[in-house]
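# What the coordinates show
Below, each chain spelled out in residue letters.
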Amino acid sequence: MIELEGVPELIDPVMVAAFEGWNDAGDAASTAVAHLDREWKGEVFAALDAEDYYDFQVNRPTVWLDGGVRKITWPTTRLSVVRVGGEKPRDLVLVRGIEPSMRWRSFCNELLGFAHELGVELVVILGALLGDTPHTRPVPISGTTSDPDLAQRMDLEETKYEGPTGIVGILQEACTHAGVPAVSLWAAVPHYVSQPPNPKATLALLNRLEDLIDVRIPLGELAEDARAWQVGVDQLAAEDSEVAEYVQTLEEARDTAELPEASGEAIAREFERYLRRRDGGQPGQPGGHATADGSDSTAYLRDSPGAGRARPPKAPKPETGAESETDRDTDAGTGPGTGPDDGDSTSEE
């Protein structure tokens, strides 16, 4: 039985979840939920029992000192609640943790138990995957759902992905079978610069979430961090002619694929966001990652040297006959079929 005595009655609650690990390239998704928790000063009200879901040889606990007393932090998934003020206040239930090592069905059922008890009206799961997308262009965000009615009402794509999946895909399907509306938002992270953090992808996820649930999200220094990240990657790419040439190839493929769309919708969305912000001001691990083709990728992951900014590894030139970005725009995140599990061709499901 779930006891939530310390949680007040919530207003139009939406559950927003992200999990570190395979579903979280560049730590973009988990960082987005951490940003919401930090900006709105979330209060943790529940944590799942780590013994039930985690292999401690895979996700090890950490020891730390508190006033000379040794304490242990166990890997787990925690839930917090934040209230978003404004003319139409609403509450967000934030779920942040690590992809569980075992008992995924029980894990999802426990989260759905909280959602039911709290009266959650919508579950939004954030994820990030490695894709053939250039760092110089807007981050592709795909929004998908298994619910045909929800897809039509919220202008999302019905997921048609088939292949390996992570906890994001499992949780979305669990929501669908339980009759809880659920959406997955996936950011495509450039595979040639996949090491965290990736503030540009985090910012893109938050902007899409803002549009989806009609809530103003305070961005803090995130926009500035995203610009600095791109400048840093520009400089590193310029030092390597092969990487620069590869990035140019991705740019051309991306621009060609998007040309017919004229991006009128994207421009209108950005203009609406600008008007909202102008008028209202801002309120106060182990393993690889999901990729566009559903595989598990570690080939591009490297430790960050020096001052914490990693040099993009040399990207392999596409093999002859390989699927081009234009052919797999949905896999790279340009289309709603991208995210693993939620995207048509991503590896989350």
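This one's a predicted model, so the numbers in the text were calculated from it and none came from an experiment.

## Re the packing of helix α6 (residues 199-213) against helix α7 (residues 222-238)
- At a minimum axis distance of 8 Å, the contact between α6 and α7 shows a crossing angle of 140 degrees. With respect to α7, the axis of α6 lies oblique. Our pair here, α6 against α7, has a crossing hand that is left-handed. Mapping the contact onto sequence places P199, K200, T202, L203 and L206 in α6 and L222, A223, D225, A226, W229 and Q230 in α7.
- For the contact of α6 with α7, the per-class residue count stands at seven nonpolar, two polar and two charged.

## Some words on a negative patch on the surface
- A cluster of acidic residues, D149, D155, E157 and E158, forms a negative patch at the surface.
- Of note, D149 is situated in helix α4 (residues 148-153).

## Here's the deal with the sheet that holds strand β7 (residues 122-131)
- The eight strands lie next to each other as β2-β5-β6-β1-β7-β10-β8-β9, forming an open sheet whose pairing is mixed. With one partner strand each, in any of the chains shown, β2 (43-47) and β9 (157-158) form the two edges of the open sheet.
- Two strands pair when backbone bridges link them, and strand β5 (residues 78-84) and strand β6 (residues 90-98) are joined in this way by seven bridges, in the antiparallel orientation. Each residue of the ladder has a partner; that of L79, found in β6, is V95.

## Thoughts on the nonpolar core
- Residues V124, L126 and I213 are the most contacted members of the largest nonpolar core, which totals 41 residues.
- With eight residues, α6 is the single largest residue contributor to this core.
- The contact partners of L126, leaving out residues within four places of it in the chain, are V16, A17, A18, A29, A32, V33, V168 and L185.
- Residues I98, F114, L129 and W186 belong to the second largest nonpolar core, which totals 38 residues.

## Quick word on the pattern of salt bridges
- Using the criterion set out here, one finds six salt bridges in the structure.
- Residue R90 is joined to E121 by a salt bridge in which the shortest nitrogen-to-oxygen separation is 4.0 Å. Taken together, the residues R90 in strand β6 and E121 in the loop between α3 (104-118) and β7 connect sequence positions 31 residues apart.
- Within the structure, one salt-bridge network assembled from shared partners comprises R137, E251 and D255.

## Focus on the packing of aromatic side chains
- Going through the model one piece at a time under the given rule, you end up with five aromatic pairs.
- Between F19 and F107, the ring centres sit 5.8 Å apart and the planes meet at 65 degrees, which makes this aromatic pair edge-to-face. You can see F19 sitting in strand β1 (residues 14-20) and its partner F107 sitting in helix α3, a full 88 residues away along the chain.
- The exposure class assigned to F19 is buried, which follows from its relative accessible area of 0%.

## Quick look at the pairing of β5
- Most of β5 sits out of view: five of its seven residues are buried.
- Judged from the four bridges that link them, β2 and β5 form a sheet pairing that is antiparallel. Note on β5: the bridge partner recorded for E43 is V81.
- Between β5 and β6, which pair antiparallel one after the other, the connecting turn spans five residues, and G86 there sits at a positive phi close to 115 degrees.

## Notes on a nonpolar patch on the surface
- On the surface, V63, I72 and W74 cluster together into a nonpolar patch covering about 290 Å² of accessible area.
- As for its position among the elements, V63 is in strand β3 (residues 62-66).

What counts, and at which threshold
- Residues numbered from 1 in each chain as written.
- Predicted model: local features only at pLDDT ≥ 70, side-chain atom pairs only at ≥ 80, totals over all residues.
- Heavy atoms only, no water.
- Axes fitted to C-alpha atoms, helices over the stretch in contact; angles between N-to-C directions.
- Helix = DSSP H or I, 4+ residues; strand = E, 2+ residues; numbered from the N terminus.
- Parallel < 35°, antiparallel > 145°, perpendicular 65-115°, else oblique.
- Left-handed = near helix turned anticlockwise from the far one by under 90°.
- Contact = heavy atoms within 4.5 Å.
- Nonpolar A, V, L, I, M, F, W, Y, C, P; charged D, E, K, R; others polar.
- Patch = residues over 30% accessible without salt bridge, like charges linked within 9 Å, V, L, I, M, F, W, Y side chains within 5 Å.
- Areas by Shrake-Rupley, 256 points an atom, 1.4 Å probe, with all protein chains shown as cover.
- Salt bridge = Lys/Arg side-chain N within 4 Å of Asp/Glu carboxyl O.
- Lys, Arg positive; Asp, Glu negative; His and termini not counted.
- Charge placed at Lys NZ, Arg CZ, Asp CG, Glu CD.
- Pairing = 2+ DSSP bridges.
- Core = buried A, V, L, I, M, F, W, Y, C linked by side-chain atoms within 4.5 Å.
- Buried < 20%, exposed > 50% of the residue type's maximum accessible area, 1.4 Å probe, protein only.
- Phe/Tyr/Trp six-rings, centres within 6.5 Å; stacked < 30°, edge-to-face > 60°.

Taken by themselves, the reported measurements are silent on function.
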